[in-house]
Amino acid sequence: MKRGLLLFFSAVFCIPAFTQRKNFTYNFYGFVRADLFYDTRNNETTVSDNFYLFPKNTVYDADGKDLNAKPSGSFYTFCTRLGLDVTGPRIWGAETSAKIETDFGGFSSSTTMLRIRQAYINLAWSHSSLLIGQTWHPLFGEVSPTVLNLSTGAPFQPFNRSPQLRYRYNHTYFTATASAIYQLIYQSTGPKGKNAEYLKNGMIPELFAGIDFHKNKFLAGVGVEMISLKPRTEATVTQIVEGEGVSKTFKVNERITTTSFVAQIKYTESKYRLAAKTVYGKNLCHLSVPGGYGVTSEDPTNGSRKYTPYRTSSTWVNAVYGTKYQVGIYGGYAKNLGTSQSLANVDNGRYGSALDVDQMVCGAAHFAYVLPHWKAGIELNCTTAYYGDINMSTGRVGNTHAVTNLRILGLAIYYF
C-alpha cells in the first residue's frame, strides 16, 4: 500500500511539470471526509461499518437476550478521495478526456487500501460519446438521493461502480444509453460467495439500455438490465458403487439469466430538489440491494442444478431544500416478491442478500451547513427490516418480526 501511495502522489505532484504539453489540461481535485456515527444495534454493513445497509436479525443467547442488540459507534476518515481529470487533443473528430479517481475505502475485506473508484477514457462527439473504463453502474444512473450517509440510499438505491463500455447518444431533449458491464469490486454471489467468475464463465457481459428525457429542470427516465451467470462449471456427487459411496466430479452447464427494470424522476430548482426512483429487480445483489437466486432442482446423476431468481421491488423518494443551510428528507421501501418457481431443499441452495427479509422501510432526515469548499452536517436514519421464515414454495417470507436500528451520523468534508 505504501508503494501505491508513493506512486500516486508522485504522479500528482509531477503534474505541473507536464502542464505545458500541447493540447492537454489537468485538474486535480478531491476532499477530506470524516464520518462519526453511532448505531443502536449490529447491522449489515461494509467498509468497516461506514457503508450502512440495514439491521441484522435477532440472535438470542442462552438467556434469551439478543446478541445483536448492542450499540456501537466509530470515527473514520478513510473515505477521503483524490481524483484527476485530464482533457487531451481531438482524435477521430472527438474530444478526448480521462478520469482517475481513488479513495482509501479498501477492496474486499481490507479498508485501509488505496482502490480505484473510477478510471476511464471518454471520446465525445457532437451528439454522442463512448466511455471505456470503470465508472458508475447505469442503474445508479443520473438520479441518486442527496443524503449524508456514504451508502447514498442503498439498499433502496442501486450502488455500484464497474468496468464497462458505455455509448451515449445526446439529443436536445433526451439521452439514450447502452452499456456492456463487467465486475471488479461489486460482484455477484453464488456457491463460492461473492465472485466475479460467475459472470466471466457466462461469457456475456451485463447489459443495460435506457433513455432519459430532460427539459429545463426536469428529468425522467427508464431502463432495462440483463445479467447472465454460470454459478458452477463442475459438480461433485456421491454415487453408490458396489455398495460404497464414491465421490465423482462432473462438468456441468448451468446458467441463470434475469432482467430488471428501473424508472426515475428528478426536478431541480435553485433552492430545492425532488427525486425518486423505483426498481423491479431480479438477482441484483451486486448492486447493494436485496435479492439473489436459489436452486429449483438438482440432477442426482451429475449434480447439475437449475435456478430461479428472487424478485424484489425497491423505491425511494428524496426532497432537499436550501443552499447554504440545507435540510433534506429521504424515505425508502423494499419488498421481497418471492420466486416464480419452488425452491429445492438442498445444501447451499440459496445465494444473495436479505433473502429472509420480507420488507424493509427507511426514513432519514439531515441538516447540513454548505460552503463552496466545506460541508458539515448531521443525519438521523431509522431503518426497519422485517425478518421471518422462508416459504420454499414461493420464496416469500412470512411470520415476520421487526428489527430496527437508528443511525446518528456526523459528517465533515473539506473539498479542494
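The structure we're discussing is the one just above.
To start, this report covers the structure provided alongside it. For clarity, every value in this text was computed on a predicted model and none was experimentally measured. By convention here, each chain's residues receive numbers from 1 onward along its written sequence. pLDDT decides what is reported in this predicted model: residues at 70 or higher carry local features, side-chain atom pairs at 80 or more are listed and counted, and totals for whole chains, interfaces and linings draw on all residues regardless. Only hydrogens and water are set aside when side-chain values are computed; all heavy atoms of the structure are taken into account.

## Overview of the nonpolar core
Definition used in this section: a nonpolar core is a set of buried Ala, Val, Leu, Ile, Met, Phe, Trp, Tyr and Cys residues joined via side-chain atoms within 4.5 Å. Per-residue accessibility, obtained with a 1.4 Å probe over protein chains only, is compared with the maximum for each type, and a residue is labelled buried under 20%, exposed over 50%, and partly exposed between these values. Of all hydrophobic cores here, the largest spans 30 residues; its most connected members are Phe51, Phe156, Tyr330 and Met360. What counts as a helix is a DSSP run of H or I of at least four residues, what counts as a strand is a run of E of at least two, and both are numbered from the N terminus. Mapped by element, the contributors of at least two residues to this core are strand 3 (51-55), strand 21 (325-339), strand 23 (357-371) and strand 24 (374-390). In terms of residue count, the dominant contributor to this core is strand 23 (four residues). Note on definitions: a residue-residue contact is assigned when non-hydrogen atoms from the two residues lie within 4.5 Å. Discounting residues that sit within four places of it in the chain, Phe156 has contacts with Ser314, Thr315, Trp316, Tyr330, Gly332, Tyr333, Ala334, Met360, Val361 and Cys362. Listed in part, the 10 residues of the second largest apolar core include Tyr198, Val295, Tyr307 and Tyr351.

## Focus on the environment of Tyr310
The residue Tyr310 is located in strand 20 (residues 305-321) in this model. For the pair formed by Tyr310 and Ala178, sequence separation is 132 residues and the distance between their alpha carbons is 25 Å.

## Considering the pairing of strand 16 (residues 244-251)
As a general feature of sheets, a regular strand has side chains that alternate between the two faces. The buried fraction of strand 16 is low, at zero of eight residues. By the convention used here, strands pair only if DSSP detects at least 2 bridges between them. Hairpin connection of strand 15 (residues 234-241) to strand 16: two residues between the antiparallel strands, including Glu242 at a positive phi of 55 degrees.

## Re the side chain of Ser162
With respect to the element layout, Ser162 can be found in strand 9 (residues 161-170). Of the residues examined, Ser162 reaches a relative accessible area of 1% and is grouped as buried. Counted as a polar contact is a pair of N or O atoms within 3.5 Å, where, for protein atoms, one must be capable of donating a hydrogen and the other of accepting one, and residues adjacent in sequence contribute only when both atoms are in side chains. From its side chain, Ser162 meets the backbone oxygen of Tyr182 in a polar contact 3.5 Å long. Residues in contact with Ser162, not counting those within four places in the same chain, are Gly133, Gln134, Thr135, Ile181 and Tyr182.

## Description of the pairing of strand 2 (residues 43-46)
As judged from the four bridges shared by strand 2 and strand 3, these two strands associate in the antiparallel manner. When the sheet's bridge partners are listed, Asn43 is paired in strand 3 with Pro55. Counting the residues between successive antiparallel strands, the hairpin from strand 2 to strand 3 contains four residues, one of them, Val47, with a positive phi of roughly 55 degrees.

## Thoughts on the packing of aromatic side chains
Only the six-membered ring of Trp is used, alongside the rings of Phe and Tyr, when aromatic pairs are assigned; centres must lie within 6.5 Å, and planes under 30 degrees apart are stacked while those over 60 apart are edge-to-face, with the rest tilted. The full count for this structure, using the stated rule, is 17 aromatic pairs. Their ring planes at 35 degrees and their centres at 6.1 Å tell us that Trp316 and Tyr330 sit as a pair that is tilted. A residue pair is termed long-range when its members are at least 10 positions apart, and Trp316 in strand 20 and Tyr330 in strand 21 qualify at 14 residues. Each residue in the set Phe51, Trp136, Phe140, Phe159 and Tyr186 is aromatic and connected to the rest through ring pairs, giving one cluster. Criterion for a charge above a ring: Lys NZ or Arg CZ within 6 Å of the ring centre, and within 35 degrees of the ring normal. Over the face of the ring belonging to Trp136 we find Arg161, whose NZ or CZ atom lies 4.8 Å from the ring centre.

## Some thoughts on the layout of surface pockets
Estimated volume of the second largest pocket: approximately 250 Å³. Taken together, 19 residues line the second largest pocket, and the ones lying closest to its centre are His137, Pro138, Gly141, Glu142 and Arg168. At the level of secondary structure, the elements contributing two or more residues to the lining of the second largest pocket comprise strand 8 (128-136), strand 9, strand 13 (206-215), strand 14 (218-229) and strand 17 (256-268). Ranked by residue count, the leading element in the lining of the second largest pocket is strand 13, at four residues. When the residues that make up the lining of the second largest pocket are grouped by side-chain class, the tally is eight nonpolar, seven polar and four charged. Computed over the protein atoms alone on a 1 Å grid, cavities are sets of points where a 1.4 Å probe fits but cannot get out and pockets are open sets with protein on both sides within 12 Å along at least five of seven lines; a residue lines them when it has an atom within 4 Å of a point. Grid points are joined across faces, edges and corners, and a volume is the space filled by probe spheres set on the points. Throughout this entry, Asp, Glu, Lys and Arg are counted as charged residues, while Ala, Val, Leu, Ile, Met, Phe, Trp, Tyr, Cys and Pro are counted as nonpolar. The remaining residues, Gly among them, count as polar.

## Considerations on the environment of Asn170
Mapped onto the secondary structure, Asn170 falls in strand 9. It is 5.6 Å that separates the C-alpha atoms of Asn170 and Ser128, two residues lying 42 residues apart in sequence. Other than its neighbours up to four places away in sequence, Asn170 contacts His127, Ser128 and Thr175. Separated by 3.3 Å, the side chains of Asn170 and Thr175 make a polar contact.

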